[in-house]
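# Remarks on the overall topology
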Amino acid sequence: MSQTDIEIVVEDPTAPEDDSPSVVSSGTIEIVVCLLLLALAITLGYDNWRTGASWDATGPEPGYFPFYLSVILGGGSLYGLIAALVSYRAARETFVTRAQGRRVMAVFVPTLLFCLVTQVLGLYVASFLLISGFMRLVGRIALWKSLLTAFVFTAIMFVTFDIAFDVIMPKGPLEAALGR
């Protein structure tokens, strides 16, 4: 056996189980995405038609090019929708299992909360909470390491953006209390 035939296998202890039930099939996701894109194309097409999608004496009106891009998007969406409906019964491939969905939600929900908390507490406090929370809950890292890393990163981000480059970032009550 040569050296090139050796395979290294690394087991991930946090990998989802193989026997996890399917949440949704690929065909269903294809249909939903095509319908969403079609709705977007119709909305954009209507709005660009309303603002002007033809030529006037000086050239194209403001909605001319976006309107035809929305027509192309709508055509592609219809094609994809028809193709997905035709092959729907044949392809029952799993898109995501329950365990995989749980792992995705473990990242998506905190990130969504980060966006909402940024509006109330500001970018720096929200970043501190997100980083320390991810490290502690998802990464299972010691609490003191999580808090220290989040604090150092947030402090570096504050010094870099707020002090050194004077970039306007969303701020909350903590920055207001500190006079920033």
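All chains use their own residue numbering, which begins from 1 and follows the written sequence. With pLDDT at 70 or above as the cut-off, local features in this predicted model cover only qualifying residues; side-chain atom pairs require 80 or more to be listed or tallied, and sums for whole chains, interfaces and linings still use all residues. Side-chain numbers here rest on the full set of heavy atoms in the structure, without hydrogens or water.

## What about helix 4 (residues 123-138)?
Formally: By the criteria applied, helices consist of DSSP H or I runs no shorter than four residues and strands consist of E runs no shorter than two, each listed in order from the N terminus. For a helix, the expected span equals 1.5 Å multiplied by the residue count minus one. Contact definition: two residues touch when any of their heavy atoms are within 4.5 Å.
In a regular helix each residue adds 1.5 Å, so 16 residues correspond to 22 Å; helix 4 covers 21 Å between its end C-alpha atoms and thus fits that length. Contacts made by the buried residues of helix 4 are with helix 3 (98-121), helix 5 (143-164) and helix 6 (173-177). Taken from the residues just after helix 4, Arg140 is the one with a positive phi, measuring 55°.

## Some remarks on the packing of aromatic side chains
Note on aromatic pairs: each is described by the distance of the centres and the angle between the planes. Operational definition: Pairs were defined over the aromatic rings of Phe, Tyr and Trp, the Trp ring being its six-membered one, requiring ring centres within 6.5 Å. Orientation was assigned from the angle between planes: stacked under 30 degrees, edge-to-face over 60, tilted for the rest. Partly exposed describes any residue whose relative accessible area lies between the buried limit of under 20% and the exposed limit of over 50%, with all areas from a 1.4 Å probe on protein chains only and scaled to the type maximum.
Taken as a whole and assessed by the stated rule, the structure comprises six aromatic pairs. Aromatic pair Trp55 and Tyr64: ring centres 5.4 Å apart, planes at 65°, arrangement edge-to-face. Since its relative accessible area comes to 18%, Tyr64 is described here as buried. On the basis of an interplanar angle of 65° and a centroid distance of 5.1 Å, the ring pair of Tyr64 and Tyr68 is categorised as edge-to-face. Remark: Tyr68 and Tyr64 occur in helix 2 (residues 64-86); sequence separation between them is four residues, near one turn of the helix. Among the aromatic residues, those joined into a ring-pair cluster are Trp49, Trp55, Tyr64, Phe65, Phe67 and Tyr68.

## Some details on the side chain of Thr154
Mapped onto the fold, Thr154 is located in helix 5. On the accessibility criterion, Thr154 (10% relative accessible area) is buried. With residues near it in sequence (within four places) discarded, Thr154 still touches Tyr124, Ser127 and Phe128.

## Describing the packing of helix 3 against helix 4
The test is simple: Between the N-to-C directions of two axes lies an angle of 0 to 180 degrees, each axis being a line fitted to C-alpha atoms and, for a helix, fitted only over the stretch in contact. Roughly parallel here means an angle under 35 degrees, roughly antiparallel means over 145, roughly perpendicular means 65 to 115, and every remaining angle is called oblique. The sense of a crossing depends on the near helix, which, turned anticlockwise from the far helix by less than a right angle, makes the crossing left-handed and, turned clockwise, makes it right-handed. Under the scheme applied here, ten amino acids are nonpolar (Ala, Val, Leu, Ile, Met, Phe, Trp, Tyr, Cys and Pro), four are charged (Asp, Glu, Lys and Arg), and all others, including Gly, are polar.
Orientation of helix 3 relative to helix 4, taken along the N-to-C sense of each, is 160°, at an axis distance of 8 Å. Relative to helix 4, helix 3 is oriented roughly antiparallel. Here the hand of the crossing between helix 3 and helix 4 comes out right-handed. Along the contact surface, helix 3 presents Ala106, Val107, Pro110, Thr111, Phe114, Val117, Thr118 and Leu121, while helix 4 presents Leu123, Val125, Ala126, Ser127, Leu129, Leu130, Phe134 and Val138. Partitioned by chemical class, the residues of the contact of helix 3 with helix 4 number 13 nonpolar, three polar and no charged.

## Comments concerning the nonpolar core
Keep this limit in mind: Take the buried residues of types Ala, Val, Leu, Ile, Met, Phe, Trp, Tyr and Cys, join any two whose side-chain atoms come within 4.5 Å, and each joined set is a nonpolar core.
In terms of nonpolar packing, the biggest core is built from six residues, these being Phe114, Leu123, Tyr124, Ala126, Met157 and Met169. Per-element tally for this core: the top contributor is helix 4, with three residues. With sequence-adjacent residues up to four places away left out, Phe114 is seen in contact with Leu123, Ala126, Ser127 and Leu130.

## Thoughts on unusual backbone geometry
The phi dihedral of Arg140 falls on the positive side, at around 55°, and the residue is not glycine. Of note, Arg140 is situated in the loop between helix 4 and helix 5. We classify Arg140 as exposed; its relative accessible area is 68%. Even without being glycine, Asp166 reaches a positive phi, approximately 55°.

## Details of the UniProt feature "transmembrane region" (unreviewed entry) in the protein chain
What counts, and what does not: UniProt positions are given in the numbering used here, feature names are shortened, and annotations may be inferred rather than shown by experiment.
Mapped onto the present numbering, the UniProt feature "transmembrane region" (unreviewed entry) falls on residues 27-46, 66-86, 107-131 and 143-165. Annotated as 96% helix and 0% strand, the span residues 107-131 places its first and last C-alpha atoms 12 Å apart.

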